[in-house]
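Here are the chains, one letter per residue:
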Amino acid sequence: MSQRINPELKKELLKFGAKDWNDCYHCGNCTATCQLTEREILFPRKAIRQAQMGLTESLASNADPWLCYYCGDCSDTCPRDANPGEIMMTLRRYLTSVYDWTGFSGMLYKSAKAHIVVMLVLFLSVVAAFLIFGGPMITELTSDGGVRLNTFAPAEIIAGIDHIVLLTLSFFLLTNMINMYYKVVLKDKTVHIPWYLYFTEIGEALLNFGTQLRFSKCNKSRMYWFGHWFLMIGYVTMFVLIIFFLSWFQTDNINVWYHPQRLIGYIITAGFLFGTIFFMIGRIRKKKQIFKHSHHSDWIFVVLLFLVAFSGILIHIFRINGLPFATYYTYVAHLAFEIPMVVTFVAFSKWSHLAYRPLAIYFSNMKKKTRELQLKSKLSVSY
Amino acid sequence: MEEIKIGVYVCWCGTNIAKMVDVDQVVDQIKFLPDVAVARNYKYMCSDPGQDMIIRDIKQHHLNRVVVAACSPRIHELTFRKALAKAGLNPMMFQMANIREQVAWVHTDREKATKKAVSLVHAAINRVKWHESLDKRTIEVNPATLVIGGGVAGMSAALEIANAGKQVYLVEKSKKLGGYAAQLDLTFPHFYSARQLIKPMIRHVEDHKNIRIFKPMQINQIFGYMGNFQSTLQLANGDETKLKFGNIIVATGLQPFDPSEITSYNYGKLPDVVTSLEFEKMLAKGRIETCEGKEPKNVAIIHCVGSRNANYHEYCSRTCCMTALKFANQIRSALPESNIFDLYADMRSFGKGCEELYTQTSRKNVIFLRFDQQNGLPEIRSTNGEEAVSMLIEFTEQFSKEQVEVPADLVILMVAMESHADAKDISHIAGISMCGNSFFIEKHPKLDPVATTSDGVFIVGTCQAPKDIPDSISQAKAAAARVLATIHVGTIEVDVITATVNEDICCGCQTCVSVCPYKAISFNKEKGVSEVNEILCKGCGTCGSTCPTGAIRSRHFTDQQILSQIQGLLSPDNKFEKM
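Keep in mind the model is a prediction, meaning the values are calculated, not measured.

1. Describing the interface of chain B and chain A
Contacts between the two partners involve 29 residues from chain B, matched on the other side by 22 residues from chain A. Where chain B touches chain A, the interface holds 5 salt bridges. The partner of Arg-49 of chain A in a salt bridge is Glu-397 of chain B, and the shortest N-O contact between them spans 2.3 Å. Looking at the side of chain B that touches chain A, the elements with two or more residues in it are strand S16 (339-344), helix H10 (354-362), strand S17 (366-370), strand S19 (391-397) and strand S20 (402-408) of chain B.

2. Some points on the environment of Gln-183 of chain B
Residue and element names in this part refer to chain B. Locating Gln-183 in the fold gives a position in the loop between strand S7 (168-171) and helix H7 (194-207). Of the residues examined, Gln-183 reaches a relative accessible area of 28% and is grouped as partly exposed. For the pair Gln-183 and Lys-244, spaced 61 residues apart in sequence, the C-alpha separation works out to 32 Å. The contact partners of Gln-183, leaving out residues within four places of it in the chain, are Leu-277, Glu-280 and Lys-281.

3. As for the packing of aromatic side chains
Scanning all chains against the criterion turns up 47 aromatic pairs over all chains. Aromatic pair Tyr-198 of chain A and Tyr-362 of chain A: ring centres 6.5 Å apart, planes at 75°, arrangement edge-to-face. With Tyr-198 of chain A in helix H12 (residues 197-200) and Tyr-362 of chain A in helix H21 (residues 353-382), this residue pair connects regions lying 164 residues apart in the sequence. For Tyr-362 of chain A, a relative accessible area of 11% translates into the label buried. Considering the side-chain rings of Phe-279 of chain B and Phe-327 of chain B, the 4.8 Å spacing of their centres and the 80° angle between planes classify their relative orientation as edge-to-face. Separated by 48 residues along the polypeptide, Phe-279 of chain B in helix H8 (residues 276-285) and Phe-327 of chain B in helix H9 (residues 320-334) bring together distant segments of the chain. Accessibility classification places Phe-279 of chain B together with Phe-327 of chain B in one group, the buried group. Here the aromatic cluster, defined as three or more aromatic residues joined through ring pairs, consists of Trp-225, Phe-226, Trp-229, Phe-230, Phe-274, Phe-278, Phe-279 and Phe-291 of chain A. One cation-aromatic arrangement involves Arg-127 of chain B over Phe-557 of chain B; the distance from NZ or CZ to the ring centre is 5.0 Å.

4. Some words on the UniProt feature "transmembrane region" (unreviewed entry) in chain A
All names here are of chain A. UniProt's feature table lists "transmembrane region" (unreviewed entry) at residues 116-137, 157-182, 229-251, 263-281, 301-322 and 328-348, given in the numbering used throughout. Secondary structure over residues 263-281 splits into 100% helix and 0% strand, and the C-alpha atoms at its two ends are 26 Å apart. Counted over residues 301-322, helix gives 91% and strand 0%. Its end C-alpha atoms are 31 Å apart.

5. Here we look at the nonpolar core
Core analysis: the largest hydrophobic core is formed by 102 residues, its most contacted members being Phe-130 and Met-180 of chain A. With 11 residues, helix H20 (residues 324-345) of chain A is the largest single contributor of residues to this core. Once residues within four sequence positions are removed from consideration, Phe-130 of chain A is found in contact with Phe-152, Ala-153, Ile-158, Tyr-331, Val-332 and Leu-335 of chain A. Judged by nonpolar contacts, the second largest core, of 49 residues, contains Val-38, Ala-83, Leu-84 and Val-128 of chain B.

6. Points about the side chain of Arg-100 of chain B
Counting through the fold element by element, Arg-100 of chain B comes out in helix H4 (residues 100-104). Excluding anything up to four places from it in sequence, Arg-100 of chain B contacts Cys-13, Asn-16, Ile-17, Ala-70, Cys-71, Ile-75 and Trp-105 of chain B.

7. Describing the domain arrangement of chain A
Residues and elements named next belong to chain A. Taken as a whole, chain A is organised into domain 1 (8-99) and domain 2 (104-365). One C-alpha centre belongs to domain 1, the other to domain 2; they are set 27 Å apart. Contact between domain 1 and domain 2 buries roughly 3100 Å² in total, counting both sides, with carbon and sulfur atoms accounting for 60%. In terms of surface lost to domain 2, no three residues of domain 1 exceed Trp-66, Tyr-69 and Tyr-99, which account for 26% of the buried area on that side. Our enumeration of links across domain 1 and domain 2 arrives at 2 salt bridges. Notably, a salt bridge pairs Asp-298 with Arg-93, separated by 3.3 Å at the nearest N-O pair. Only helix H5 (64-67), helix H6 (73-77) and helix H7 (84-99) provide two or more residues apiece to the side of domain 1 that touches domain 2. With 8 residues, the top contributor of residues to the side of domain 1 that touches domain 2 is H7. Class assignment for the residues of the side of domain 1 that touches domain 2 results in 14 nonpolar, 8 polar and 8 charged.

8. A look at the domain arrangement of chain B
Residues and elements named next belong to chain B. For chain B, the assigned domains read domain 1 (6-134 + 560-569), domain 2 (145-253 + 420-490), domain 3 (257-416) and domain 4 (499-555). Between the C-alpha centres of domain 2 and domain 3 the distance comes to 32 Å. Counting residues at the interface gives 16 residues for domain 2 and 20 residues for domain 3. With both chains or domains summed, domain 2 and domain 3 bury close to 1500 Å², and 66% of this area falls on carbon and sulfur atoms. Seen at the junction of domain 2 and domain 3, the total is 2 salt bridges.

Conventions we followed
Residue positions are counted from 1 within each chain, in the order its sequence is given. Note on labels: chains are lettered from A, ligands numbered from 1, in written order. Confidence filtering applies because this is a predicted model: local features only for residues at pLDDT of at least 70, side-chain atom pairs given and counted only at 80 or more, and all residues used for totals across whole chains, interfaces and linings. Excluded from the side-chain calculation are hydrogens and water; included are all heavy atoms of the structure. In this analysis, two residues are considered to be in contact whenever any of their non-hydrogen atoms come within 4.5 Å of each other. A side-chain nitrogen of Lys or Arg and a carboxyl oxygen of Asp or Glu constitute a salt bridge if their distance falls within 4 Å. Helix and strand definitions here come from DSSP, where helices need a minimum of 4 consecutive H or I residues and strands a minimum of 2 consecutive E residues; each element is numbered from the N-terminal end. Relative accessibility thresholds used throughout: buried, under 20% of the residue-type maximum; exposed, over 50%; partly exposed, between the two (1.4 Å probe, protein chains only). Any two of the Phe, Tyr and Trp rings considered here, Trp counted by its six-membered ring, make a pair once their centres fall within 6.5 Å; the pair's planes then place it as stacked at under 30 degrees, edge-to-face at over 60, or tilted in between. Any Lys NZ or Arg CZ found within 6 Å of a ring centre and within 35 degrees of that ring's normal is scored as a charge over the ring. UniProt positions are given in the numbering used here, feature names are shortened, and annotations may be inferred rather than shown by experiment. Only buried residues count toward a nonpolar core, which is a set of Ala, Val, Leu, Ile, Met, Phe, Trp, Tyr and Cys residues joined through side-chain atoms within 4.5 Å. Boundaries between domains were set according to an automatic or database domain assignment. Accessible area, probed at 1.4 Å, shrinks when two parts are joined; the buried area is that loss added up over both. When residues are grouped by polarity, Ala, Val, Leu, Ile, Met, Phe, Trp, Tyr, Cys and Pro land in nonpolar, Asp, Glu, Lys and Arg in charged, and all others, Gly among them, in polar.

In structure tokens form, the structure reads like this:
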């Protein structure tokens, strides 16, 4: 069956951030330089070709862009300055919108204006919610001199709201992941994956999720790998804390500094601050390939994360030092930053790579193993 | 008859010859042969002391023949002939034995090699005894030039010669000057308008006092030889005019390949599949449109139509890639919202400014797709009005290995350049050889790409090979320079090695007339014998070996000379004596 060339694809892709990339004439230098390519998985060249040609279907079933961590070696050594690394980044944005059946993702990625408007609406909604439903602001301090935060914003209620947000976003993210599975695995008629591979290949995907070992293969970016990993660990820990242990974490008690509640909070915040400041400085200095081209989603994401972390630290300082109004206002700001970030990014934008990357490794490994098996059986027949 | 005195010189060529051939032995073996007056060996015969040795010996020993056993005569025959002339001897009284390329370099057994060298030298000695003094002759050159073909190459050559004050006769088959270049819209890579380039050129040619144009006119026959050609033209009014000219420049150009031969492209059946030349005309008219007069949304360009394919033409037509890129640019400017697909086999956008043209085009949202001619050509089929787009082109894209189909409302076939259908006639008329793909063959593909094996006949432009406008013009001006050089000298030296007919023996069978590759022999009906035009004759010897009565004698390759040479080669006296 031949695939119809879709000339509109390139125009569409340009809206996701990359410049025109017809400079690429397929010398294959990028693939040769890349530390992560394998015999069966040849990126970035393959995906670039599909994008250039307008092969919408092939591109949708190609998980390769997720295997790239953007070390930038390919762009550094590209003889035509076609910037393959940035093309892969653009393709990740595009694929996020392909997996997202709501169309919300495409809207956020293609228009900075739309993204900012959505966030502003959410920001104001959070502020308005506190104005209407917020508890009393009490100047009277607790016995150990802290602010009574849980009277203003009771942890159980906030946790409840968190759960609703979580459930909603999980629904969208999960359905998008299923959509990805459908497009990458089921629609690819060239491989039929045997059932047992689903079990044998899951380990490596999970290992990579926790350690991002593959990323560390991009030898130029040890520091970047650490920043990225630290931020990810901080984020996941925070996620678990606010979903399952918010009543324990958001306490009015002032614990000793080595108490796990405070220690964990410090580690999370350190991860956030280190990661976001590292990225922001990088994006301003534009020295490394990965930071040379910033899409609006990159900036919004990193700035919001920083604001969330920074306001979190301020809440903590204000609370233990007995500054009630500062604590309350910062708390409102903290949530007003966090909700838009979570809502727009987790299922529909940049954060979703948290799910798509391990899935891509999972699917790619299964496909690779299946192809190896197919080849083996072919060889045994010919012998 | 004077006594024959031969000087024999065996060269060591440093160690090149001496390593494998015992040069002392060779000299010892041949020095007692009859008529050998002097025999020596020396390290480098071609060096000044080596040549001086020959000159000294000629004077001292009154030598009248010289044999040098050394390298190939292609390298140093002329050197030694000049040495003979310096010593006052006719340069043809010389023979070379090649004991380097034919002996030392190709053998490993020193004994046998030396024996072979002795045989070759013996052969040369035997031959040189029969050599005759031959003297060079010169003929005068007619200063007028005939240019066949009024395209950009023919006009350039004509203008160059006419500007030097010499008469040019320009013969053009069609009614208009300008050739195919005049049919183009813009030219690559600078997008100059072809008409604006060609029109002033045509005007200059038409207004030039030294150029006489004959059009529409065809040349049917040319007689004569370099320096003195002549032809008779039939004018439209029934009159005849006789032209005399010294040189001929052939600029008969190309014809476009007919793509209806390639069935998968459906040219001729699908009205919106057009050739590059038809598209040029469309561009020149100022509107890109389908057969229904609509603006096409999807335009596809297919490269290598009839080129680089063993079924059609194996060669690359050299200009189509750049023309295709030019088209893409023109389509993009005319139809900014259109989709442009460029289906190529290899992108060969070489030459000054052309890689830049490719880069520039690739930034104009053109989708480049690569097909492989060996794995089947793209197939163009109609959608029969079932879709918004009128045609689909199906093929396997080579980089992705994906089977794809490209939507198209207009398909442009970049057709190959072919040698003109007239080429065969012209080759007979002007005495030019054609290669397998019907382009004219140049005298030497590297060292003399302008001249032909027929002296005084030059080939320029696309009749020689596919080329673009600047290359055609360069070649045309080079040919003009060559022509002007012969006119400036005014005379031409004629080679002495030619055939002669002994009219007493000639039986008039005319076999020689039919075999002569240079049309140098004609039949004299009055006398009933063949006559050799010694200016056209290249001394190839074909006639001499064909002549049943032995009436034709090839100078410097007489039967006597060749037979003596063979006798010397096979002489039982040739042996190697161990020291």
